[in-house]
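# Observations on the model geometry
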Amino acid sequence: MTGTVTHDPPPGGNRPGAPLIVTEDTGLLDDLLRLCAAAGATPEVHPGLPGPRGRWEAASLVLVGDDAARRARGVPRRQGVVLVGRDQDDPGVWRRAVEIGADHVLMLPDGEQWLVDRIADVAEGVGRPALTVGVIGGRGGAGASTLACALAVTSAREKLRTLLVDADPLGGGLDVALGGETAKGLRWPAFASSHGRVGGGALEESLPELHSLRVLSWDRGDCLSVPPRAVRAVLAAARRGGGAVVVDLPRRVDEGVAEVLAQLDLALLVVPAELRAVAAAGRVASAVGMVLRDLRVAVRGPYAPGLDGQEVARLLGLPLVGDVPVEPALQRPYGTGRPPGVTGRGPLARFCREFWDRALVEARAA
């Protein structure tokens, strides 16, 4: 059980530092140390008092055992104080929480997962989540993977922390597209058993680094699916690090893909400017639109007679992002080590820069 106590927060907000545990209850202390370890945090422990002068204020999070609540009366008010107990039937716990200025009252064992997440948040220094953009083809061969790679490479070149996620197990692997199929690091099958919370920093460090970005792709084994709960945990960890996350999406929507769509800020539907492609893209848009709240169309030429970007967008009933340039250099086979947009020159790189400029401004204004 968890609960929230409303009070006026002090100025200054959260402060950096290790979590602080204040309790003389050895059983409770063992549990709190275990939960800190699960969250990847190393706390300071002060059994008798709130700690030396300044530690109460400097700690990133303060966990006060219910046994220590009376001793903590009169301490400076601050955010990030959690009163932790075990007796769910004790009505006095709320009064004690107010007396020490606690933000939350948490009862173990019911609130363990909430507390692990909260400890991990402060340990990782969570700020604004990554702007997360999906790219999906309106039909096969539309160029969605090419655009996803170009967007990710452009983001990294602009000094944004960037993750490129391959959500299509049948796509051949985006690590191949980036010339890194032999690069060391984990692929999707390694995360198939993940559940609960995945550490954002640990995830990023475990992935192959190619062209100044991290890539989560598929290996060449037989694993073609990851449980939805694992997809949810991994994508949430990717977003917590900030910057940009680009996801190359398959054109089918199963439970795992639905988990990805639910965490996207927006997606680009890449549609070749031909009538059959528009018809196919309409079906894709209908399926994706059941989960995703912001789907936009990016049109790729050459154009069939009577079609242009505005007309394709009108037929699909979607906002137009722009025309995706086609460059002769993109006709090279994958695996050459020179992914689309890597030089920063040419119309495709310019398209990607302009997209990020607009999208980041929109995200800051939201």
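Computed from a prediction, not measured in an experiment: that's the story for all the values here.

### Focus on helix α3 (residues 92–100)
- Where α3 is concerned, the buried positions are Gly 92, Val 93, Arg 96, Ala 97 and Ile 100. Summarising the axial view, the buried residues of α3 lie within an arc of 145°, below the 170-degree limit, and thus occupy one face.
- Buried residues belonging to α3 abut α2 (55–58), β4 (62–65), β5 (81–85) and β6 (104–107).
- Two residues or fewer past α3, Gly 101 is found with a positive phi of approximately 75°.

### Focus: the sheet that holds strand β11 (residues 244–249)
- Spatially, the 8 strands line up as an open sheet ordered β9-β10-β8-β11-β7-β12-β13-β14, and their pairing is mixed. Lying at the two open borders of the sheet, with one neighbouring strand each, are β9 (209–210) and β14 (320–324).
- Direction of pairing for strand β8 (residues 162–166) relative to strand β10 (residues 213–216): parallel, over a ladder of 3 bridges. Bridging from a neighbouring strand, Val 165 pairs with Leu 216 of β10.
- In the packing of helix α8 (residues 228–240) onto the sheet, the strands contacted are β7 (131–137), β8, β10 and β11, and the crossing angle to β11 comes to about 145°.
- Packed onto the sheet, helix α11 (residues 309–316) meets β12 (266–272), β13 (295–300) and β14 and runs at close to 140° relative to β13.

### Regarding the confidence of the model for the protein chain
- Taken as a whole, the protein chain shows an average pLDDT of 87; of its residues, 90% reach a score of 70 or greater.
- Contacts from residues 4–16, a stretch scored under 50 in pLDDT, to residues over four places away or in other chains number 27 contacts.

### A word on the environment of Thr 132
- Positionally, Thr 132 belongs in strand β7.
- You can call Thr 132 buried: its relative accessible area is 0%.
- When the C-alpha atoms of Thr 132 and Val 260 are compared, they prove to be 9.8 Å apart, with 128 residues separating the residues in sequence.
- Among all residues touching Thr 132, those that are not within four sequence positions of it are Arg 239, Val 245, Val 247, Gln 263, Leu 264, Asp 265 and Leu 266.
- Within the local environment of Thr 132, its side chain forms a polar contact with the side chain of Arg 239, the two groups lying 3.0 Å apart.

### Quick look at a nonpolar patch on the surface
- A surface patch of nonpolar side chains, about 280 Å² in accessible area, is lined by Val 253, Met 290 and Val 291.
- Exposure remark for Val 253: the relative accessible area of 33% places this residue in the partly exposed category.

Rules of the game
- Along each chain, residue indices are assigned from 1 in the same order as the chain's sequence is written.
- It should be noted that, the model being predicted, local features are given only for residues of pLDDT at least 70 and side-chain atom pairs only at 80 or more, the latter also being counted only at that level, while totals for whole chains, interfaces and linings use all residues.
- With hydrogens and water set aside, each side-chain value is computed from the structure's full complement of heavy atoms.
- We call a residue buried when its accessible area falls under 20% of the maximum for its residue type, exposed when it is over 50%, and partly exposed in between, using a 1.4 Å probe and counting protein chains only.
- Secondary structure elements are defined from DSSP: runs of H or I of at least 4 residues count as helices, runs of E of at least 2 residues count as strands, and each element is numbered from the N terminus.
- It is the directions from the helix axis to the C-beta atoms that the arc portrays.
- The contact criterion used is simple: two residues touch if any of their non-hydrogen atoms lie within 4.5 Å.
- Between any two strands, pairing holds if DSSP finds at least two bridges.
- Angular values range over 0 to 180 degrees, each being the angle between N-to-C directions of two axes fitted as lines to C-alpha atoms, with helices fitted over their stretch in contact.
- A score between 0 and 100, pLDDT records how confident the predictor is in each residue.
- Here a polar contact means two N or O atoms within 3.5 Å. Within protein one must be a hydrogen donor candidate and the other an acceptor candidate, and residues neighboring in sequence count only if both atoms are side-chain atoms.
- Nonpolar side chains (Val, Leu, Ile, Met, Phe, Trp, Tyr) are joined into patches within 5 Å and like charges within 9 Å, using only residues with over 30% relative accessible area and no salt bridge.
- Values of accessible area rely on a 1.4 Å probe in the Shrake-Rupley scheme; residue burial ignores everything except the protein chains shown.
- Whenever a carboxyl oxygen of Asp or Glu lies within 4 Å of a side-chain nitrogen of Lys or Arg, that contact is scored as a salt bridge.

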